[in-house]
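# Architecture and fold: a report
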Amino acid sequence: MRTIEHWINGRNTAGTATRHAPVWDPATGRQQAQVVLGEVADVDAAVRAATAAYAEWSQASLSARTKVLFAFRELVNARTDELCELVSAEHGKVLSDARGEVQRGLEVVEFACGLPSFLKGDYSDQVSGGIDVYSYREPLGVVAGITPFNFPIMVPMWMHPVAIACGNAFVLKPSERDPSVSTRVAELWAEAGLPDGVFNVVHGDKVAVDAILDHPGIAAVSFVGSTPIARYIHQRAGAAGKRVQALGGAKNHAIVLPDADLDYVSDHLVASAFGSAGERCMAISATVAVGDGADRLVEAVSEKARKVRVGPARDAGSEMGPVITAAARDRIVGYIDSGERAGARLAVDGRDLRVAGAEEGFFVGPTVLDAVTPEMDVYRDEVFGPVLVVLRADTVDEAIALVNANPYGNGTAVFTSSGEAARRFVRGVQVGMVGVNVPIPVPMAYYSFGGWKDSLFGDKHMHGPEGVSFYTRAKVVTARWPRVEQATGASYHFPTAT
Ligand code: NAD
C-alpha cells in the first residue's frame, strides 16, 4: 500500500506517524493509498523548519522571490496533465474539470508573479518641516493553510503563492481525502528553487489542525471548508492571537426570471449544479423560479439533468464523477429522502443510479427536487452533492428576500434579460460574489474570493488585493534627518505638524 508522507524542510518524511487514513478511489470504492496523520510534534517540526527558512526568505530581494514564482508558474503549467491525473484519481472529478481547477490555481500564481507592484508603499514628502513619511508592508512570518477536499490544488493555491511571494513561510494542512497533489506541488516548489522550509505540507486530521491553531510560532491561519469547522477555526486561532480568514460552506441560489432564455438558463443550471457532482462551494444548489415560468424551467432542467453522463473520470465520456466517500453518498441520499418525506416533488431521482462496471463506486445521480420550501432540511443545510432544489417566488423582491434570509452568502446568480431587474438584484442581495447570467461567478485572481455571513469568518477574502493585505502588515515610518544646527531643544507637547 502506497503511503503519502509529509513534506517538511524540503523532503518527504513519515514524521512521528503511528496513525494513517485511507485514501479511496471514489470511482471503484477501493482503497488506493494511505496518508500519514500528523501529530503535534510533526506540526512543530514543520513550524521550526519554516521559522528558520523565513529568516532568509523574508530578506530575499523582490527580484529573487519573483524569479522563483515565475519558475513555479512554468512548472505547474508544464505538469498540468500530471497534476490533473493526481487530482482526478483521488477526488473523482472528471479530467476536464480538474483542468479548470489547475488553470484557476495557476492564475493565482500568475497574480503572485506580479506582486512587487502590490507591495509598493506610499511616500509623503515634507509632511512637516524636514519630515517625510513612508509606509510599506512586511510579511507576517510563518503562516498556515487548512484546506478542503473539493479543490485539492486550487484552494491551497489561493493561499501559498500569495503568502510566499509576500515573503512568508507556509505550512499547508491539506484534506486527508485527496492529499497526493499537495506533496507533488511541494516538489515543484523545490524544483522552482524555493529554499527548503519555505513551503511545508503536514498531512492529518483534527490533531494536526488543532496543533496549528495553538502553535505560538504561526502568525496567521487561512482556512477553507465547511461552516461549522470554519467557525471553530476562527474562534480557536483568534483566541490564540492569530490573524484568521476562514471561508465556510454555501447555499448558492440562482434566481430565474420569466424573461430569461430557457435553453441558456437550463444549460447553465445543470452544469453548475451537477458539475463536479455538486461538490463545489460555488455550485448552484437552489433555484428560485420567479413568476409564471417555473413549470417550464423545471421541465427543461430535468430533461437535461437526465442526460448527464455519470461515470468514472477515466472514461472519456463521463461528464460527472462520483462523490468523495461512501459517507458523503449516504449523507446526500439521506437529504433526498428527507426532502421527499417533507413533501418536495422528485422531478429527477439520482438515488438508485448504478454505473455499469463501477457498481462499488460512490455515485449519486443528478437529482432535481421541485416544490421545495425554506423550512426543509434539503434547503436549509448544505447538501454538497448533485442535488438541485427548486423554490418559487412571485416577484424579484420576494426572491431577494429569500436569498437574504438564508444564513449563507457565498455566491449567487440572476438570470434575466432585464438590466433593471439584474441591477436591483445585484444591489439588494447580501452575498459576496454575484453573477449576472453567469452561474459560478468565481472572481479572477486579481480580484478577491470570499463570501459573506456564515460563508466567511474574518474580514479578508482570499487572493487578489485582500490576500496581499492578509499576508502582510503595514509599517509607517516618520523620518527626519536634521542638521546639527537645527536642534531646537526638547518640547513636551504632543507632536503636531508645523
Ligand atoms: P471540512 O470542513 O470537513 O474539512 C476542511 C478541513 O478541515 C480539512 O483539512 C479537514 O481535515 C479539517 N477538519 C475537518 N474536521 C475538522 C475538525 N473537527 N476539527 C479540525 N479540523 C477539521 O470540509 P470538506 O468536507 O473537506 O470540504 C467541503 C466543504 O468546504 C463544503 O462545506 C464547502 O462548501 C466548503 N468549501 C468552501 C469554499 C469557499 O470558498 N467558501 C471553497 C471550497 C470548499
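### Thoughts on the overall build of the protein chain
- Scanning the protein chain from terminus to terminus reveals 15 helices and 23 strands.
- Its C-alpha atoms give the protein chain a radius of gyration of 25 Å, within 12% of the compact-globule value 23 Å for 498 residues.
- Each principal axis of the C-alpha distribution contributes one length, and for the protein chain these read about 85 × 60 × 40 Å.
- A burial count over the protein chain gives 56% of its 498 residues as buried.
- Working note: accessible area of the protein chain is about 20,500 Å², and carbon and sulfur atoms make up 53% of it.
- Side-chain charges of the protein chain comprise 47 positive and 58 negative groups, with the mean position of each set lying 4 Å from the other.

### A short note on the side chain of S276
- As for its position among the elements, S276 is in the loop between α9 (262–274) and β14 (284–290).
- The buried category is assigned to S276, whose relative accessible area is 6%.
- Apart from residues no more than four positions distant in its own chain, S276 is found in contact with H91, K93 and D97.

### Considering the pattern of salt bridges
- According to the stated counting rule, one finds 34 salt bridges in the structure shown.
- Of the charged contacts in the structure, one is a salt bridge between R79 and E191, with a shortest N-O distance of 3.3 Å. In this pair, R79 is assigned in the loop between α2 (62–78) and α3 (80–91) and E191 in helix α6 (residues 180–191), connecting sequence segments 112 residues apart.
- Of the residues examined, E191 reaches a relative accessible area of 47% and is grouped as partly exposed.
- The partner of E420 in a salt bridge is R424, and the shortest N-O contact between them spans 3.0 Å. Taken together, the residues span about one helical turn, with E420 and R424 both in helix α14 (residues 419–428) at a distance of four residues.
- Linked by salt bridges that have partners in common, K206, D210, D214 and R236 make up one network.

### Describing the layout of surface pockets
- Of the volumes computed, that of the largest pocket is approximately 870 Å³.
- What lines the largest pocket is a set of 37 residues, among which P148, F149, G225, S226 and I229 lie closest to the centre.
- At the level of elements, α7 (206–214), β11 (220–224), α8 (227–239) and α11 (326–341) are the ones that each hand at least two residues to the lining of the largest pocket.
- Looking at the lining of the largest pocket element by element, the count peaks at five residues for α8.
- Of the residues contributing to the lining of the largest pocket, the split by class is 18 nonpolar, nine polar and ten charged.
- Taken together, domain 1 (3–248 + 455–477) and domain 2 (252–436) each give at least three residues to the lining of the largest pocket, which thus spans both.

### Quick word on the domain arrangement of the protein chain
- Here the domain parsing of the protein chain yields domain 1 (3–248 + 455–477) and domain 2 (252–436).
- The interface of domain 1 with domain 2 comprises 20 residues on the first partner and 24 residues on the second.
- Buried surface at the junction of domain 1 and domain 2, both sides included, amounts to about 1,800 Å², of which 62% is carbon and sulfur.
- The largest per-residue losses of area from domain 1 upon contact with domain 2 belong to A27, V94 and S455, which jointly make up 27% of the total buried on that side.

### Examining the sheet that holds strand β23 (residues 472–480)
- The three strands are arranged β6-β7-β23 in an open sheet whose pairing can be described as antiparallel. With one partner strand each, in any of the chains shown, β6 (122–128) and β23 form the two edges of the open sheet. Between one strand axis and the next, the sheet turns by 25° as a mean value, whatever way the strands run.
- One ladder, built from nine bridges, connects strand β7 (residues 131–139) with β23; its direction is antiparallel. Looking at the pairing, D132 lines up with A479 of β23.

### A few points about the site of the ligand
- K173, E176, S226, G248 and E382 are the nearest of the 26 residues found near the ligand.
- T147 is positioned with one of its backbone polar atoms (N or O) 2.8 Å from an oxygen atom of the ligand.
- For the ligand, an oxygen atom lies 2.7 Å from a polar atom in the side chain of E176.
- Relative to its free-state accessible area of 840 Å², the ligand is covered by the protein chains to the extent of 87%.
- When each cavity is represented as a set of grid points, the ligand is found to reside in the largest pocket.
- Going through the elements one at a time, α7 and β11 are the ones with two or more residues in the shell around the ligand.
- For the shell around the ligand, the per-class residue count stands at 14 nonpolar, eight polar and four charged.
- No fewer than three residues from each of domain 1 (3–248 + 455–477) and domain 2 (252–436) sit in the shell around the ligand.

### Focus on the nonpolar core
- One finds I255, L269, F274, V372, V378 and V389 to be the most contacted residues of the largest nonpolar core, which totals 67 residues.
- For this core, the element with the most residues is strand β17 (residues 387–393), which contributes six residues.
- What L269 contacts, discounting residues up to four positions off in sequence, is A254, V256, I284, T287, L297, V301 and F415.
- Residues V109, A112, V201 and C281 belong to the second largest nonpolar core, which totals 60 residues.

### Here we look at the state of the cysteines
- Following the criterion strictly, the structure yields zero disulfides and no others.
- Looking at C84, it has no disulfide partner, and the nearest cysteine sulfur is the one in C281, 18 Å off.
- Given a relative accessible area of 2%, C84 falls into the buried group.
- With a relative accessible area of 14%, C281 lands in the buried category.

### Focus on the packing of aromatic side chains
- Under the defined criterion, the tally for this structure stands at twelve aromatic pairs.
- Ring geometry for F170 and F199: centres 6.2 Å apart, planes at 20°, overall stacked. Separated by 29 residues along the polypeptide, F170 in strand β9 (residues 169–173) and F199 in strand β10 (residues 199–201) bring together distant segments of the chain. Like F170, the residue F199 is buried in the burial classification.
- Ring geometry for Y264 against F415: centres 6.3 Å apart, planes inclined by 65°, an arrangement best described as edge-to-face. With Y264 in helix α9 and F415 in strand β19 (residues 411–415), the pair connects residues that are 151 residues apart, well separated along the chain.
- The exposure class assigned to Y264 is partly exposed, which follows from its relative accessible area of 35%.

Cut-offs applied
Residues numbered from 1 in each chain as written. Predicted model: local features only at pLDDT ≥ 70, side-chain atom pairs only at ≥ 80, totals over all residues. Heavy atoms only, no water. Helix = DSSP H or I, 4+ residues; strand = E, 2+ residues; numbered from the N terminus. Rg over C-alpha atoms; globule rule 2.2 N^0.38 Å. Buried < 20%, exposed > 50% of the residue type's maximum accessible area, 1.4 Å probe, protein only. Areas by Shrake-Rupley, 256 points an atom, 1.4 Å probe, with all protein chains shown as cover. Lys, Arg positive; Asp, Glu negative; His and termini not counted. Charge placed at Lys NZ, Arg CZ, Asp CG, Glu CD. Contact = heavy atoms within 4.5 Å. Salt bridge = Lys/Arg side-chain N within 4 Å of Asp/Glu carboxyl O. 1 Å grid on protein atoms, 1.4 Å probe; cavity = no way out; pocket = protein on both sides within 12 Å on 5 of 7 lines; lining within 4 Å. Points joined across faces, edges and corners; volume = space filled by probe spheres on them. Nonpolar A, V, L, I, M, F, W, Y, C, P; charged D, E, K, R; others polar. Domains from an automatic or database assignment. Buried area = accessible area lost by both parts, 1.4 Å probe. Pairing = 2+ DSSP bridges. Axes fitted to C-alpha atoms, helices over the stretch in contact; angles between N-to-C directions. Near = heavy atom within 4 Å. Polar contact = N/O pair within 3.5 Å; in protein donor to acceptor, adjacent residues only side chain to side chain. Sits in = over half its atoms within 2 Å of the grid points. Core = buried A, V, L, I, M, F, W, Y, C linked by side-chain atoms within 4.5 Å. Disulfide = S-S within 2.5 Å. Phe/Tyr/Trp six-rings, centres within 6.5 Å; stacked < 30°, edge-to-face > 60°.

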